[in-house]
Each structure stands twice: as C-alpha cells, then as structure tokens.
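Descriptive analysis of the structure
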Amino acid sequence: MINKYDGNSITVLEGLEPVRMNPGMYIGSTGSKGLHHLVEEIVANSVDESLAGGCTKIKVTINKDGSITIEDNGRGMPVEINNKTKLSAVRLIFEQLHAGGKFGQGGYKVSGGLHGVGAAVVNAFSEWLECIVYRNGKKYKIKYSNQKVVEDLKEFGNTNRTGTIITFKPDETMFTTTVFKYQTIKNRLKELAFLNRGLEFILKDERKNEQIEEIFKFDGGIEEYIKSINEGKNALHKDIIAFSGETEVEIIIKGKKEKRNIYIDIAVQYTDDYNENLYSFVNNISTIDGGTHLQGFKTAVTKTINDYCRREGILKDRDQNFTGNDTVEGITGIISVKLEYRPEFEGQTKAKLGNPEVRGAIQSYVNKNLEEYFAINKPTADLIINKVQQAARARDASKKARDVARKTSNPKQYLDKLADATSPNRSECEIYIVEGDSAGGSAKQARDRKTQGVLPLRGKSINVEKQSIEKILNNKEIQVMDAAFGVGVANECDAEKARYGKIIILTDADKDGEHIKNLLLTYLYRFKKPLIDLGKVYIGMPPLYHVTTNKNDYYIYTDKELEEFKIKLNKDEKIKHIQRYKGLGEMNPEQLKETCMNPKTRRIKKVYIEENTVAETLVTTFMGPKSELRMKYLQDNWVS
C-alpha cells in the first residue's frame, strides 16, 4: 500500500521544535558532552561581551537543585522592542533561531557563539530558564517553562550596575544525564581565562556542604597557558616566544569586497620532546582538527627557519631544506585568532577552520614577527635550530628503522604470539591486547576466530613518554603491535588502513594491570592518536569477583558493586563462595568469553579525548620522568 502524500503531508516545525527534534545537529549529543555544551553557549555570549569591551567578570554557579547560573557584568541583554517583530530583543534571543547581535548590525565585531542560535538552543533543552537583565538603570526579568513564556519581560526595580544573569535547568527528558561535572566546566573556564587575558572567571559549586569556589584570571594570557602545558617538560629556552596584533584581509560579503581585521595571539616554546603540541582556536573555539590558521602558522615556521639557516650558512647549497615535521618537533604552541567576521568551519562541530584568506594572513604575520625575533634573540634561535637539526637526524635514522620494520611487518611472522581474526572484512574485526601467555591462552580459546584476534604481550610495555624514538622503534612489543595494527611504524598512523575496527586493551583488574593499561594508552596517544580520534580504542572491563550463591553465579566488577550486591541479595539466596580474581589467567575460557569477549555480555569502554590540553598535561604528569609533578598533582587533587 502506498501512503498518501500530498500538501498536508508536509510538517512545519515552529519555534524551537526543530532543535528538540534534532539535538545532535545543535549540541552534538544528548549525553554529558551535549549537556556541558549548553553551559559553553551561554558563557560564550558573556565572553563575546568582553571582546566587545563591555565585560570584565563572568561567574558560573552550579546550584543545589541541578540548575546552573551564568552571570556577567557586560552591557546587559537588549530589552527594547524590535520594530520588525514587535517583540522584545530578549524574547527574540531566547525564542528565535538566528536572532542576535552577531549578524553584521554592529552588536559584536567578534563572536564565538553558535551563529546566533546559542541562547535559543539552551532554552530549547531546558526544563525552565530565567533571565535577569541589568540595563539602562533598571532591572528586568523573564522566565520560561518548557520553552514557553510563563513570566513575560517586566521591570522590577532600579540598579546602578549592568549585566545579564541566566539560570537554567536542563530537561531530563532530553539528556541521558543532567549532572554537571565541576572539572569539565573548570577546564573550559580556565582555558577561556588563558585565551582572554585579564578576563576573570569565577566557578562555584553549591551542591555539597563544603562549597567550592575558584577564580581564574591570567594577565599573561596564552604565555601563561604555555607555561602550564610545559610544566612537566624540559624547555629548551626559558623565554616564551609570543606576539600579538592584528592584520587586515579582504573578503566578499553579500557580493562585495570588504576589508576586515583578524586579531592574532600566538605563543610558542620548544621542549626536548619529539612530539608536536599545537593548539589552535578561532574566536575562543577550540579547532581540534586545525584548519587554515594552523596551516599558515606551520608553513611560516618552516619557511622562517629554513631562510634563517640559509642566511647563517647552517644549510649549504647542496643541503635539503628541513621538513615541516622537523621544524615543529618538540614545539608547544597556542595559535588563537579572532575574526571580525563570521568564521567558516568545516563540519557542524567547528573542529576545522576553512576560511582560505586566513592562511596567507597568518603565514605573512608569523613569518615577519618570527624573523624579527630570531634576528634579535640569536641564542634562542640557535637552540631551536639545534633541536631542528636533531629532529632531521632522527628522521633519517627513523626512516632506516622503519624501512627495516616494514620489510618484516607482515603479521604472519608473529603467529607464535598473534592469533589473528580470519574475516576479510577487517572493519568487523577486533584485537584484544592482553598481558602474558596465561591470559593469552585463555583468550585464544574464548575468542570468536572469525572476528576476534588476540595478541599477548610480555610483561609491562615500554614507557614511550620516557624513551628516545630509537629505543621505541627497536622495542619488540612495539614492533609487534605496529605490525598487527597495520597503520604504520612508530609515529606513522594511517588510521584508514587499520586492520581492526576495535583495539581492546584487556588487562588484569589490579594495580599491575592498571599500570600496563596506562603504558599502552600512552603508546596509542603518542603514536597512534588518530585511532583514538576515530573511536577505535577500547578498554576491556574484567570482573573482580566471581560470586556463587545457592541459586546462581554472578560476576562483580568493583568493590562497590560487591557491597551493593550483598545488600540487595534476596533473603532466600545465600552466598556460598566469593572468588577474587588475581588475573585473567585464573578464568577458564568459558568464563573469559562470557565476561570479557562476548559482545552481548562483556563490558568495554570507548577511549576518547575530551580536552586536548588537559590530556597532554595528564600524560606528561603521570607518565613523564618528573615524580615531583605526580606528587603535586595528587596533593592538589586528593579527594578523601
């Protein structure tokens, strides 16, 4: 039967209905990430007020009832009536998509919100929302419940201050969780404080008896950011190379060529690392996939260094130029640009800047300023050049090692260790990385041979955070994993060539197992990060206990679960035996299959990077050579 399809079949979604029907389009997900995106959108509007010169302080308070309040001392949201719609500007902002002061009418030169849909989207996903405005010497208030106005905008007193206070409670029917994470909000506010020098952020949590309050303000801006990121690293030069200013570009707006400004803020410092740590931002938005601003920066650094080396005679006529990888090895850098016009992002998540004119503008600006810096600061320039030369020599040595490794990188040579999956459809295959032959033997018997491979490793893997690239390349366990994964040798990683759709780290549920897991995660983070970015890396969750009662067998995964199990156990069911597993090797193949390898019954967690700079700091702190940093972190973050 063919369904009737005519003019009445067309549905028109009004107001905020489209937002609620397509949450992924507007906030990415209905999980924790989407929840915290709501906070970011309101905070972004307050930061935009600061960029417009009207705000010096932003306060975020997590309230006891699960709501959250964002307060600023900006100019205050416009309350006047809009001539076209006959509604107050406040109502337009909270009720209409693409209504705001960021569309070329002079309200904001620079903005980082969701193209004018941020406040309305927050309202769309809120059980209730309240807004108080201080403006024109008056206090105003409006309140929404389930996206409908329940208290229209009204004046309720006089004031000598300006600003906006927005409080909202997330709609529980739209999210899998509505519990705000203090640390997630803290990390973002701290980042914004670094990116906007002098702007003060206050974060308060009122949910516990002992209320928490922290203040973030960095007059040194991104230079302090670099110091924070490099705290656990060995910097090659004490001073941080930094420059900020503006440059002009010509763009086309509504068919006409117009000139607009780009505000540039850049800070870099080289360390003895062999990793590149560059973090880019556009209008305070983290562009984790880079874009034209990052491309312009890297091109300029490579050109400036090669030109300097030619002038100084470091590179002779017959010598090849240093590569881009050579010139950014060990660099930690922040590239923050603010556009006086709307940025063009590739993809809904704003992960990559696409504006082509930005590349040339940044390249020219960085080239000019870095040349001047090298001319004035020759000792620092020479330290950097020495690092680049070391990187080039290591590249040559690594290439030779890679060539050798590639010739012997057929996984078949490791069949004594690797039990490979047989399916030619590699995207459905998964590989378990387990510790030791005992666990490997059980896992090989428990696996589904068609789709599951098993790779047992000998003891603890090498800590790549503390070793040279040469030692890493020569490590047998690294070589085996490189060959098995099929994405390249050492820090090469063509994730599209991955031989498995899932890489599952399965270690014992004890301290040694935890250490081995972290060593493997460090290797994947430093050398195979695209696999993490594509969601191919998982952590297996083996049970800690096997509980036998007079009626059933149960697998318990944590001490807390065991205590809860004892409390909830039926009165007529008695515990006969509790076995605490010391390792995976204690399980017979059937037990291992049921708890860890059967997709229908196992527990696995996907590994993802929520915040790049935080991940970088944690890896350096916990896996790097400086034990004093680990002690300080544990002392600062100890929860009794």
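Whatever comes next refers back to the structure up there.
Residues numbered from 1 in each chain as written. Predicted model: local features only at pLDDT ≥ 70, side-chain atom pairs only at ≥ 80, totals over all residues. Heavy atoms only, no water.

**Notes on the overall build of the protein**
Broken down by element type, the protein carries 20 helices and 21 strands. Against the 2.2 N^0.38 benchmark of 26 Å for 640 residues, the protein shows a C-alpha radius of gyration of 28 Å, consistent with a compact globule. Expressed as lengths along the three principal axes of its C-alpha atoms, the size of the protein is roughly 85 × 75 × 65 Å. Within the protein, the proportion of its 640 residues that are buried is 51%. Within the protein, contacts between residues separated by at least 24 positions form 68% of all contacts whose residues are at least 6 apart in sequence. Accessible area of the protein: about 31,900 Å², with a carbon and sulfur share of 48%. Taking the 98 positively charged and 89 negatively charged side chains of the protein as two groups, their mean positions are separated by 2 Å. (Helix = DSSP H or I, 4+ residues; strand = E, 2+ residues; numbered from the N terminus. Rg over C-alpha atoms; globule rule 2.2 N^0.38 Å. Buried < 20%, exposed > 50% of the residue type's maximum accessible area, 1.4 Å probe, protein only. Contact = heavy atoms within 4.5 Å. Areas by Shrake-Rupley, 256 points an atom, 1.4 Å probe, with all protein chains shown as cover. Lys, Arg positive; Asp, Glu negative; His and termini not counted. Charge placed at Lys NZ, Arg CZ, Asp CG, Glu CD.)

**Some words on the sheet that holds strand 17 (residues 537-540)**
With respect to topology, five strands assemble into an open sheet ordered 15-14-16-17-21, the strand pairing being mixed. Only two strands of the sheet have a single neighbouring strand rather than two, namely strand 15 (452-457) and strand 21 (604-606). In this sheet, adjacent strand axes meet at a mean angle of 25° when their direction is disregarded. Bridge count between strand 16 (residues 502-506) and strand 17: three bridges; the pairing is parallel. Within strand 17, the position partnered with Ile504 by the bridge is Tyr538. (Pairing = 2+ DSSP bridges. Axes fitted to C-alpha atoms, helices over the stretch in contact; angles between N-to-C directions.)

**Focus on the pairing of strand 14 (residues 430-435)**
Burial runs high along strand 14: six of the six residues are buried. Neither face of strand 14 is open: one carries Glu430, Tyr432 and Val434, the other Ile431, Ile433 and Glu435, and all of them are buried. Here strand 14 runs beside strand 15; their pairing, made up of six bridges, is parallel. Its bridge partner lying in strand 15, Val434 is registered against Pro456. Between the parallel pair strand 14 and strand 15, the chain is carried across by helix 12 (residues 436-446), and the sense of this crossover is right-handed. (Right-handed = clockwise from strand over helix to strand, strands pointing away.)

**Some remarks on unusual backbone geometry**
The backbone phi angle of Asn136 is positive, close to 55°, even though this residue is not glycine. Locating Asn136 in the fold gives a position in the loop between strand 3 (126-135) and strand 4 (138-145). On the basis of relative accessible area, Asn136 is assigned to the exposed category, the value being 53%. The backbone of Asn283 shows a phi angle near 50°, a positive value even though the residue is not glycine.

**Quick word on the environment of Met597**
Of note, Met597 is situated in helix 18 (residues 589-597). Take Met597: its relative accessible area is 1%, and that puts it in the buried class. For the pair formed by Met597 and Ala446, sequence separation is 151 residues and the distance between their alpha carbons is 7.3 Å. Not counting chain neighbours up to four residues away, the residues in contact with Met597 comprise Tyr432, Ala443, Ala446, Arg447, Gln452, Val454, Leu592 and Arg602.

**With respect to the packing of helix 14 (residues 476-485) against helix 15 (residues 511-527)**
A pair of packed helices is characterised by two quantities: the angle between their axes and the separation of those axes. Relative to each other, helix 14 and helix 15 sit at 60°, their axes nearing to 13 Å. Accordingly, the angle class assigned to the pair helix 14 and helix 15 is oblique. Judged by the twist between their axes, the crossing of helix 14 over helix 15 is right-handed. Two secondary-structure elements touch here, helix 14 through Ile478, Met481, Asp482 and Phe485 and helix 15 through Leu520, Tyr523 and Leu524. Split by residue class, the contact of helix 14 with helix 15 holds six nonpolar, no polar and one charged. (Parallel < 35°, antiparallel > 145°, perpendicular 65-115°, else oblique. Left-handed = near helix turned anticlockwise from the far one by under 90°. Nonpolar A, V, L, I, M, F, W, Y, C, P; charged D, E, K, R; others polar.)

**Quick notes on the packing of aromatic side chains**
Within this structure, the stated rule accounts for eleven aromatic pairs. Plain terms: the ring middles of Phe194 and Tyr225 are 4.4 Å apart, the flat faces sit at 5° to each other, and that makes the pair stacked. Of the two residues, Phe194 sits in helix 6 (residues 182-195) while Tyr225 sits in helix 7 (residues 222-229), which places them 31 residues apart along the sequence. Phe194 gets classed as buried once you look at its relative accessible area, which sits at 4%. Each member of the aromatic cluster is reached from another via a ring pair, and the members are Phe194, Phe218 and Tyr225. In this arrangement the basic side chain of Arg426 is found over the ring face of Tyr500, its NZ or CZ atom lying 5.1 Å from the centre. Positioned above the aromatic ring of Tyr557 is the side chain of Arg603, whose terminal nitrogen or guanidinium carbon lies 3.9 Å from the ring centre. (Phe/Tyr/Trp six-rings, centres within 6.5 Å; stacked < 30°, edge-to-face > 60°. Lys NZ or Arg CZ within 6 Å of the ring centre and 35° of its normal.)

**Digging into the pattern of salt bridges**
Oppositely charged side chains are able to pair whenever their charged atoms sit close together. Taken as a whole and judged by the stated rule, the model has 37 salt bridges. The salt bridge partner of Arg188 is Glu40, with a shortest N-O separation of 3.3 Å. Taken together, the residues span a long stretch of sequence, with Arg188 in helix 6 and Glu40 in helix 3 (residues 32-51) at a distance of 148 residues. Taking the relative accessible area as the measure of exposure, Arg188 reaches 15% and is therefore buried. Residue classification places Glu40 among the partly exposed residues on the basis of a relative accessible area of 34%. Among the salt bridges present, the one from Glu80 reaches Arg135, with a minimum N-O distance of 3.5 Å. With Glu80 in the loop between strand 2 (68-72) and helix 4 (89-95) and Arg135 in strand 3, this pair connects stretches of sequence that are 55 residues apart. We classify Glu80 as partly exposed; its relative accessible area is 38%. If you follow the salt bridges from partner to partner, you end up with Lys233, Asp273, Glu465, Arg526 and Glu616 in one network. (Salt bridge = Lys/Arg side-chain N within 4 Å of Asp/Glu carboxyl O.)

**Some points on the sheet that holds strand 12 (residues 285-286)**
Strand order in the open sheet formed by five strands is 9-10-13-11-12, and the pairing between neighbours is mixed. This sheet does not close on itself; its edge strands, each paired only once, are strand 9 (241-253) and strand 12. Two elements, strand 11 (residues 277-282) and strand 12, share two bridges in a ladder whose sense is antiparallel. Within the sheet, the bridge partner assigned to Val282 lies in strand 12 and is Ile285. Here helix 10 (residues 356-376) sits on the sheet and contacts strand 9, strand 10 (256-270) and strand 13 (331-339); the angle it forms with strand 9, its principal contact strand, is near 150°.

**What to know about helix 18**
For an α-helix, 3.6 residues make a turn, and residues three or four places apart therefore share a direction. Along helix 18, the residues that are buried comprise Gln591, Leu592, Thr595, Cys596 and Met597. Looking down the long axis of helix 18, one finds its buried residues gathered within 155° of arc, a one-sided arrangement. The inward-facing, buried residues of helix 18 contact strand 14, helix 12, strand 15, strand 16, strand 18 (545-549) and strand 19 (553-556). Near the N-terminus of helix 18, the side chain that reaches the backbone nitrogen of Glu590, with its oxygen 3.0 Å away, is that of Asn588. (Arc of directions from axis to C-beta. Polar contact = N/O pair within 3.5 Å; in protein donor to acceptor, adjacent residues only side chain to side chain.)

**Here's the deal with the side chain of Asn306**
Along the chain, the position of Asn306 falls in helix 8 (residues 292-311). In this structure Asn306 comes out as buried when scored by relative accessible area, which is 4%. Setting aside anything within four residues of it in sequence, one finds Asn306 in contact with Leu315, Asn321 and Phe322.

**Brief notes about the pairing of strand 6 (residues 163-170)**
Taking burial as the measure, the eight residues of strand 6 include eight buried ones, the bulk of the element. Every second residue of strand 6 is oriented toward a common face, with Gly163, Ile165, Thr167 and Lys169 on one face and Thr164, Ile166, Phe168 and Pro170 on the other, all of them buried. The pairing of strand 2 with strand 6 spans five bridges and is classified as antiparallel. By the bridge assignment for strand 6, Thr69 is matched with Thr167. Examined bridge by bridge, strand 3 and strand 6 share eight bridges and lie antiparallel to one another. By the bridge assignment, Leu129 is partnered in strand 6 with Phe168.

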